[in-house]
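Descriptive analysis of the structure
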Amino acid sequence: GNRRVPFGGFKRFALRAQSDVSNGTVSLTNVNVELDGNRAEGVLTLATDNHRAVQGTLAADTLDLTPYVKGVRLMATNERAWDRLPITLDGLADFNLDLRLSAASVKIASAQLGRTAAAANMSGGKLKVTIGDSQAFGGSATGTVGIGNGKDGIEVSSHIRFDEVDLANCLGQTFGLHKLEGHGTLALDVDGTGSSVWAVTHTLSGTASLNAHDGALVGINVEQLLQRLEKRPLSGNGDFRTGRTAFDRLALNVKIDRGMISVQK
């Protein structure tokens, strides 16, 4: 019958569904789930044996993931030592998840995404979120993000690609960068591991690339700078951190090796 079940791990959780118990599993149909104001419908299957497992498909009109982003913020009250605090992911090892999720719109902090299809898989203490397709910043986003327990601490990975997006909105809303205008493709492929934020950042390795067109660098006037240097090569006077430098094409490839960043030619 219809059920409403409280869940103590979140501020507000409610589940209504038609249930059927058979062969060690609980099948839930006509599911209506609410989590901290987010509502979704679909079907779920719950394992009732010693291995906690959830499988299913859910669809929502809107999702606001901002509270969960804030919940995993790495900053602590001791600001000078926050990056060396240990990271723990308790309780993941004995829980399995296989969930397909779609939404007409998704909000993550200041970032607003359009129609999005994603999958969340958790097994062996590792969570992997795959973005099959997302309407993002006038273009699209695909990729995977992972976090889980590893031999040397917490393992994190990000393999995300933004295709033909509005770079000002994408970089501004996602990374807080406001120095580039135009359209283009951005890819980030990094992996790291460690027992603290400091350890993870010092093991991050991978690549990042940017291919932009019909845009501008904001906050610097390269043409004015070159003209001044041509006339007065030894002059350091003048502030060129204002204005814009337009470009037709811009390509940037970055290598990340154990936390050290270098620009590739």
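Preceding this paragraph is the structure being described.
Anyway, here's the lowdown on the structure attached to this text.

Moving on, we come to the side chain of Ser-158. Locating Ser-158 in the fold gives a position in strand 9 (residues 153-166). You can call Ser-158 buried: its relative accessible area is 16%. Residues within four places of Ser-158 in sequence aside, it is in contact with Thr-144, Val-145, Leu-188, Asp-189 and Val-190.

We now examine the pattern of salt bridges. Throughout the structure, instances matching the rule amount to five salt bridges. Between Glu-34 and Arg-39 there is a salt bridge; the shortest N-O distance is 3.7 Å. Exposure remark for Glu-34: the relative accessible area of 12% places this residue in the buried category. On the basis of relative accessibility, which here comes to 52%, the residue Arg-39 falls in the exposed class. A salt bridge links Arg-161 to Asp-163; the nearest nitrogen and oxygen atoms lie 2.7 Å apart.

Across nine bridges, strand 2 (residues 25-35) lies against strand 3 (residues 38-47) in antiparallel orientation. Within the sheet, the bridge partner assigned to Val-26 lies in strand 3 and is Leu-46. Counting the residues in the hairpin turn of strand 2 and strand 3 gives two residues, including Asp-36, whose phi is positive at 50 degrees.

Criteria and thresholds
Residues numbered from 1 in each chain as written. Predicted model: local features only at pLDDT ≥ 70, side-chain atom pairs only at ≥ 80, totals over all residues. Heavy atoms only, no water. Helix = DSSP H or I, 4+ residues; strand = E, 2+ residues; numbered from the N terminus. Buried < 20%, exposed > 50% of the residue type's maximum accessible area, 1.4 Å probe, protein only. Contact = heavy atoms within 4.5 Å. Salt bridge = Lys/Arg side-chain N within 4 Å of Asp/Glu carboxyl O. Pairing = 2+ DSSP bridges.

Remember that the coordinates give geometry; whether it matters functionally is a separate question.
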